[in-house]
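Coordinate analysis (summary)
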Amino acid sequence: MISNKAKKQIDIWVAKYPEGRQSSAVMEALKIVQAENDNSLTTEAIQAVADYLDMPGIAAAEVATFYENYNHKPVGKHTIRFCHNISCMLNGADDLIVYLEKKLGVKTGEVTKDSLINVKKVECLGACVGAPMFQIGDQYYENLTTDKIDEIVDGLRKKSK
Amino acid sequence: MNEVCFKTLDQKKSWSLKTYEANGGYSVWRKILKGELTPDQIIDELKTSGLRGRGGAGFPTGLKWSFMPRNADVQKYVVCNSDEGEPGTCKDRDILRYNPHSVIEGMAIGSFVMNATKGYNYIRGEFMEPFYRFEGALKEAYDAGLLGENLDGSSVSFDLYAHLGAGAYICGEETALLESLEGKKGQPRFKPPFPANIGLFGMPTTINNTESFASVPEILAQGGQWFADIGVENSGGCKLFSVTGHVNEPANFEVPMGIPFKDLLEMAGGIREGRTLKAVIPGGSSTPVLTADAAMAMTMDYDGIEKAGSMLGAGSVIIMDDTTCMVEALTRLAHFYYDESCGQCTPCREGTGWLYRVLKRIMDGNGKADDIDLLLGVQDKIIGNTICALGDAAAMPVESFLRNFRQEFEYYIEHGKSMVKG
């Protein structure tokens, strides 16, 4: 269920915490396993993480459902996490979200037919001076305009071909 | 401007050890390793400096550090709160990206003062660029012998690790952060006991905000009095303000405490052409909103903002011009707290949802005549009735929006549409 490569990555995190406190690594372990399994977590995957960290399955499940960054259904390859909180809203995020939805032919929360992109409205991502902004993977995209959105989305599509 | 946390900002590779050291970085830490500074001296300097917690609560840092039982014969921890998530706040991200060594040195100094040999920097899960920068800086510091055991042959040891969150505003609350660091749901703990007695893994722990830690090395290098003199009475030093919203040039500014709001607004390029200032949230979404008149007369320090009717918070200044529908703005904030309530305390869990649903129904054109009283009643029942401050944070905007912009809510309820946007 968890690859050796993932186990190695998890072990790096486990080493940061005192002996017997390996469950501190559960948040990263879940992210690592999620990344390996098409960006979502099944009950079995969560249990496997719990087993690996020697913690109760329910404790890992609580973490997996409490925090925002875990998915429990297929979300496609890329998630566009669009901030719609106050500073982004004041700078036109709502109109841009509608623009993006139209461009992709999906509503927020849905995945494009080719399973490439899904759009999620999220709360403040802490880049308010660059509003409006969204996040894809590790990267922030700031001061968004319709042109910039075109460029970014077209780039994702091109890369997948 | 840019004298402390942003000292290296305009320099090449501002985040590198080389740049940091060229600006006097790690000079305080090296003094400590040589045995030239005592914990009491450091606490005294910090008290003199007037540095107060930059995460929002404003508690004096020197005093906080003095609470730790430094001689207790147990493992103690120092923790940095880089779980920046208060809407309107984006300063810690830039400290981590552009001056991560200031955070490392600040935490190292704190660890020495509190006799804590281990530390964690809790960085919000979305901040991957800042995380990699911080990790890079950690590696540089270890390679240079600035972190580790028995540093420079002394008895001082400090190991520091970065921890990543996974998307939960509540983890910015210090005890929720500790729960999260232990690999649990981020639900705040009852206080007392305070973290200084029972903190991370049950051990004495002190948690400070990123900006607080990042300010410490420069304060000690230049002296507490130097820092205090930059600011005004009761608000020592300079502070990072994130100015966002309807301004021409939104940015983070490190400026002296006590700067007039109107000067800060000007630094951010002022209001967009042809529009006028309508409202200001001065300290992040949790702090009460102010009218333009109140804001224009305000100075940016703890007492100045309190006098104007709000709070300095994290220094997150959200500017709204005359095109802003205040009902829409408050609905957005209410949704945020509803989304982020951890669900532990009934008044907050139920109250935040209630506030959001009533505001949503007003926005949908289905508002009822007594909805304003209902909103005021609900927020009043949240305030002071929850374990942590998220409940208060959800309630305060409601009360202040309704007090300052009541007619817009009344209009929306009566006409089923926005007074501003139609």
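Residues numbered from 1 in each chain as written. Chains lettered and ligands numbered in written order. Predicted model: local features only at pLDDT ≥ 70, side-chain atom pairs only at ≥ 80, totals over all residues. Heavy atoms only, no water.

Some thoughts on the sheet that holds strand 11 (residues 316–321) of chain B
All names here are of chain B. Spatially, the five strands line up as an open sheet ordered 6-5-11-8-9, and their pairing is mixed. The sheet terminates laterally at strand 6 (251–256) and strand 9 (290–291), the two strands that pair on one side only. Examined bridge by bridge, strand 5 (residues 238–245) and strand 11 share four bridges and lie parallel to one another. Across the sheet, S242 pairs through a bridge with S316, a residue of strand 11. Sheet strands touched by helix 5 (residues 91–98): strand 5 and strand 6. Its angle to strand 5, the strand with the most contacts, is close to 115°. (Pairing = 2+ DSSP bridges. Helix = DSSP H or I, 4+ residues; strand = E, 2+ residues; numbered from the N terminus. Contact = heavy atoms within 4.5 Å. Axes fitted to C-alpha atoms, helices over the stretch in contact; angles between N-to-C directions.)

Comments concerning the nonpolar core
With 132 residues, the main nonpolar core has W29, I42, W65 and I109 of chain B as its most contacted residues. At seven residues, helix 6 (residues 100–113) of chain B tops the list of elements feeding residues into this core. Taken domain by domain, the makeup of this core includes at least three residues from each of domain 1 (4–66) and domain 2 (78–159) of chain A. With near-sequence residues (within four places) excluded, W29 of chain B lies in contact with E105, A108, I109, S111, F112, L146, L151, V156 and F158 of chain B. Ranked by size, the runner-up nonpolar core spans 32 residues in total, among them M89 of chain A together with M320, L333 and I413 of chain B. (Core = buried A, V, L, I, M, F, W, Y, C linked by side-chain atoms within 4.5 Å. Buried < 20%, exposed > 50% of the residue type's maximum accessible area, 1.4 Å probe, protein only. Domains from an automatic or database assignment.)

A word on the interface of chain A and chain B
Listed by partner, the interface residues are 39 residues for chain A and 59 residues for chain B. Contact between chain A and chain B buries roughly 3900 Å² in total, counting both sides, with carbon and sulfur atoms accounting for 56%. Ranking the residues of chain A by area buried against chain B places F66, L90 and V129 of chain A at the top, with a combined share of 17%. Between chain A and chain B we count five salt bridges in total. Between R332 of chain B and D94 of chain A there is a salt bridge, with its nearest N and O atoms 2.9 Å apart. Across the contact surface, chain A and chain B share 23 residue pairs in polar contact (both at pLDDT 80 or more). The set of elements that each furnish at least two residues to the side of chain A that touches chain B consists of helix 2 (26–36), helix 4 (57–66) and helix 5 (86–90) of chain A. Broken down by class, the residue content of the side of chain A that touches chain B amounts to 19 nonpolar, nine polar and eleven charged. (Buried area = accessible area lost by both parts, 1.4 Å probe. Salt bridge = Lys/Arg side-chain N within 4 Å of Asp/Glu carboxyl O. Polar contact = N/O pair within 3.5 Å; in protein donor to acceptor, adjacent residues only side chain to side chain. Nonpolar A, V, L, I, M, F, W, Y, C, P; charged D, E, K, R; others polar.)

Focus on helix 6 of chain B
All names here are of chain B. If you check helix 6, its first and last C-alpha atoms are 20 Å apart, about what 14 residues at 1.5 Å a residue would give, namely 20 Å. The buried fraction of helix 6 is high, at 14 of 14 residues. Positive backbone phi, at 55°, marks N115, one or two positions downstream of helix 6. (Expected span 1.5 Å × (residues − 1).)

Topic: the domain arrangement of chain A
Domains assigned within chain A are domain 1 (4–66) and domain 2 (78–159). The centre of domain 1 of chain A, based on its C-alpha atoms, is set 28 Å off from the matching centre of domain 2 of chain A.

Considering the pairing of strand 2 (residues 118–123) of chain B
Regular strands place side chains that alternate from one sheet face to the opposite one. Residues and elements named next belong to chain B. Burial within strand 2 is extensive, with five of its six residues counted as buried. As paired elements, strand 1 (residues 77–82) and strand 2 share six bridges and run parallel to each other. By the bridge assignment, N81 is partnered in strand 2 with Y122. This β-α-β element, strand 2 to helix 7 (residues 128–143) to strand 3 (residues 159–164), shows right-handed connectivity. (Right-handed = clockwise from strand over helix to strand, strands pointing away.)

Some details on the packing of aromatic side chains
Taken as a whole and assessed by the stated rule, the structure comprises 18 aromatic pairs over all chains. Taking the centre distance of 6.3 Å and the plane angle of 65° together, the rings of Y140 of chain A and F127 of chain B count as edge-to-face. Taken as a pair, Y140 of chain A in strand 4 (residues 139–141) and F127 of chain B in the loop between strand 2 and helix 7 lie in two separate chains rather than in one. Taken individually, Y140 of chain A and F127 of chain B each receive the classification buried, so the pair is uniform in this respect. Note on Y169 of chain B and Y337 of chain B: the rings are 6.2 Å apart at their centroids and 75° apart in plane angle, and the pair reads as edge-to-face. With Y169 of chain B in the loop between strand 3 and helix 8 (174–181) and Y337 of chain B in helix 14 (residues 326–340), this pair connects stretches of sequence that are 168 residues apart. For Y169 of chain B, a relative accessible area of 18% corresponds to the buried category. With relative accessibility at 1%, the residue Y337 of chain B sits in the buried group. A cation over a ring is seen here: R52 of chain B above Y302 of chain B, with NZ or CZ 3.8 Å from the ring centre. (Phe/Tyr/Trp six-rings, centres within 6.5 Å; stacked < 30°, edge-to-face > 60°. Lys NZ or Arg CZ within 6 Å of the ring centre and 35° of its normal.)

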